[in-house]
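Notes for the structure review
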Amino acid sequence: MQVRRLAAWTAIPLSAALALSACGGGGDSGSSSSGTVRIGIAEPQYLTPADTNETSGSQVLSALYAPLVNYDADNKPVEVQADSITSSDNKVWTIKIKSGWTFHNGEAVTADSYIDAWNAAAYKGASQNAYFFSQIAGYNEVAPTATTATPSPQPTAQKLSGLKKVDDTTFTVTLSAPFSDFKTMLGYTAFYPLPKAAFNSDGTVKSDFKDAPIGDGPFKMDGTWQHDQKISVTKYDDYKGQQPKVTGVQFTIYQQPSAEYADLLAGNNDVMLTIPTENLSTAEGDLGDRYLHSPASSFQFLAFPTYDKNFSNVNVRKAISMAIDRQAIVDQVFKGSQKAAYSFVSPVVGGYRDNTCGANCEFNATEAKKLYTDNGGPSKLEISYNADGGHKDWVDATCNQLKNNLGVECVGIPTAKFADLLNKVEKKQEVGMFRMGWIMDYPSMENYLGPLYSTNGSSNYYGYSNSEFDKLVQEGREASSSDAAIQKWQQAEDLLAKDMPVLPLRFGQNNYGISTKVKNVEIDLFNRVDLLKIEYTG
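Residues numbered from 1 in each chain as written. Predicted model: local features only at pLDDT ≥ 70, side-chain atom pairs only at ≥ 80, totals over all residues. Heavy atoms only, no water.

1. Quick look at the confidence of the model for the protein
Test applied: One number per residue, pLDDT, summarises how confident the predictor is, and it ranges from 0 to 100. Residue contacts follow a heavy-atom distance rule, with two residues in contact if any of their heavy atoms lie within 4.5 Å.
Within the protein, residue pLDDT values average 92, and 94% of them lie at 70 or more. Within the model, the stretch residues 1-5 combines pLDDT values under 50 with 44 contacts to residues more than four positions away or in other chains.

2. Some thoughts on the packing of helix α7 (residues 314-322) against helix α9 (residues 365-374)
Two quantities define a packed helix pair, namely the angle between the axes and the distance from one axis to the other. To be explicit about the condition: Convention adopted: a line fitted to C-alpha atoms gives each axis, helices being fitted over their contacting stretch, and angles between N-to-C directions are expressed from 0 to 180 degrees. Runs of H or I in DSSP of at least four residues are treated as helices and runs of E of at least two as strands, each being numbered from the N terminus. Here the angle decides the label: under 35 degrees means roughly parallel, over 145 means roughly antiparallel, 65 to 115 means roughly perpendicular, and every other value means oblique. If you view the pair so one helix is near and one far, a crossing is left-handed when the near helix is turned anticlockwise from the far one by less than a right angle, and right-handed when it is turned clockwise. Each residue receives one of three labels: charged for Asp, Glu, Lys and Arg, nonpolar for Ala, Val, Leu, Ile, Met, Phe, Trp, Tyr, Cys and Pro, and polar for the others, Gly being one of them.
Between α7 and α9, the least distance of the axes is 8 Å, while the angle of their chain directions is 155°. As far as their axial angle goes, α9 and α7 are roughly antiparallel. In terms of crossing hand, the pair formed by α7 and α9 is left-handed. Side by side, α7 and α9 meet where Asn 315, Val 316, Lys 318, Ala 319, Ile 320 and Met 322 of the first sit next to Ala 365, Glu 367, Ala 368, Leu 371 and Tyr 372 of the second. For the contact of α7 with α9, a count of residues per class yields 8 nonpolar, 1 polar and 2 charged.

3. Here's the deal with the packing of aromatic side chains
Our working definition: Pairing of aromatic side chains requires ring centres within 6.5 Å, counting the rings of Phe and Tyr and the six-membered ring of Trp. Pairs whose planes differ by under 30 degrees are stacked, by over 60 edge-to-face, and all others tilted. Exposure categories follow from relative accessible area, calculated using a 1.4 Å probe and restricted to protein chains: below 20% of the type maximum is buried, above 50% is exposed, and the middle band is partly exposed.
As enumerated under the stated definition, the model contains 22 aromatic pairs in all. Between the aromatic rings of Phe 304 and Phe 311, the centroid separation amounts to 5.7 Å while the plane-to-plane angle is 40°, which identifies the pairing as tilted. A ring pair is formed by Tyr 464 and Phe 469, whose centres lie 6.0 Å apart and whose planes are at 75°; its orientation type is edge-to-face. Side by side, Tyr 464 and Phe 469 carry an identical accessibility label, which is buried.

4. A short note on the side chain of Ser 343
We count it as follows: Polar contacts, as counted here, are pairs of nitrogen or oxygen atoms within 3.5 Å of one another; within protein the pair requires one atom able to donate a hydrogen and one able to accept it, and residues that are adjacent in sequence qualify only if both atoms are side-chain atoms.
With respect to the helices and strands, the residue Ser 343 is situated in the loop between β14 (339-340) and α9. Here Asn 355 takes part through its backbone nitrogen, which lies 3.0 Å from a polar atom of the side chain of Ser 343. Within the structure, the side chain of Ser 343 is placed 3.1 Å from the backbone nitrogen of Thr 356, a separation counted as a polar contact. If we ignore the near neighbours within four places in the chain, the residues touching Ser 343 are Phe 299, Tyr 352, Arg 353, Asp 354, Asn 355, Thr 356, Glu 493, Pro 504 and Phe 507.

5. Quick word on the pattern of salt bridges
Spelled out, the test is: By salt bridge we mean one thing: a side-chain nitrogen of Lys or Arg within 4 Å of a carboxyl oxygen of Asp or Glu.
Going through the model one piece at a time under the given rule, you end up with 17 salt bridges. Salt-bridge contacts for Lys 417 lead to Asp 228; the nearest nitrogen and oxygen are separated by 3.2 Å. Of this pair, Lys 417 sits in the loop between β16 (409-415) and α11 (418-426) while Asp 228 sits in the loop between β9 (219-221) and β10 (230-235), and the two are 189 residues apart along the sequence. Between Asp 494 and Arg 353 there is a salt bridge; the shortest N-O distance is 3.0 Å. With Asp 494 in helix α14 (residues 482-499) and Arg 353 in the loop between β14 and α9, the pair connects residues that are 141 residues apart, well separated along the chain. Of the residues examined, Arg 353 reaches a relative accessible area of 25% and is grouped as partly exposed.

6. Re the pairing of β16
Our working rule: Two strands pair under a simple rule: DSSP has to find at least two bridges between them. Crossover handedness is defined by viewing with both strands directed away from the observer: a clockwise path from the first strand over the helix to the second marks the crossover as right-handed.
Bridge analysis of strand β15 (residues 380-386) against β16 gives 7 bridges, and the strand direction is parallel. In the sheet register, Ile 383 faces β16, and the bridge partner there is Gly 412. Taken together, β15, helix α10 (residues 392-406) and β16 constitute a β-α-β crossover, and its handedness is right-handed.

7. Section: helix α5 (residues 257-266)
Stated precisely, the cut-off is as follows: This arc describes the spread of directions from the helix axis toward the C-beta atoms.
Taken as a whole, α5 has its buried residues at Pro 257, Glu 260, Tyr 261 and Leu 264. Along the axis of α5, the buried residues cluster in a sector spanning 100°; they form a single face. Residues of α5 that are buried in the fold lie against β2 (36-41), β12 (271-272), α6 (283-287) and β18 (502-514). Of the residues flanking the end of α5, it is Gly 267, one or two places downstream, whose phi is positive at about 80°.

Laid out in structure tokens, this is it:
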């Protein structure tokens, strides 16, 4: 994956005021506006629903597609493109979609639009988001798991047996086991539909579709994805849902947050999703009431490639975690705008507990150095990070702490783009420790566990595998009540605190800036601008 959504930019975590409402920058949300707004993003890795699991791509897809469900103020799913989603046993689900909706090419959105898209995403487990379809019956036949005896198993089916069309607007989903949060999951990017025009004759997605996707959302592509430059979308007049208040959006792609911030101040960019760390101390003076805040679901952490001999010893991983003074970095680098993380699950979801990491995340330089030395920790540490995300300052500060507290050499290794960093770790290239961030895909404690740490998790880039952890996550999915599910997931989180495949750093808050040309700008828990509310004032 988030990552979800995996977060490319510095996700600014929670202050003490989790209850902050999203600021709108003034204005009457009931008024209308026109014009094109400009929103800064990083270069997405993909623009296809089956592969998009980072925040920049997700922001663009939120313009192009309508989800089956979205979420209310209490994080409960509410129908958007779905008319109803029901189940009597949490195993067999009936999804009825609204009739009359069309894709941007005029093709009708039908049950087949979802079934075809989901089958293509699951086939051979080749897509980035295939993991999210693994709970549907027939997945093991469509995407068999590799074993030592069969390292390259071939599918025995091309379509998920758990997907059945009832009529043009109704289909059923049979899961391999009950999952009470399945409806909640359906708001995620992976579950968007695709038109027939997206597919080759063999069911794979056409290559030219990937740079000019055809969705069913409030905006349609205006031209093609101009890599490393921009992605433009324009209002889709036949959209059946709530119409946006602007006529278009230009997603401007920046390689450096400093350049984007300069454009924001100059009036050449309208929304900057995350203010760079180096500008936090001056942002209020620079922007005044255009410097805004809202709650976020972000979680920043350092990941260990556990398959690398330098980090295969859990005591080495623990020592590195104990050598980091998280609060000092929050205070000095982030000017108190983040919350130090001592748990693996965000405070915004049910089941969060403070300090689940315990002593392994408690700053203790003396014990850290002893543990590191006794277990033969490497003499040099590297932290890889994406240069297009504004991470240099805190990475340098972290390295300085590790130098001082462990007596080792430590350097930050920038990679130009987040997409490039993801590609490196997917290929298991040497990257040392690497910076990761997570924005939830859907509001559930399970989403902070399954995708990130399950053996076959979509965003498990560190090679972590614990059969007991996998078992507890699955038992939570199958639990008969929310409370029972959370109990299982909390037990799974406790295993992470023992194994330390990653070390928690910070939880987030959206700290963002807007120009004088827009109003009613809200950024949600997923680090996305609400494109139905934003208005252009010129």
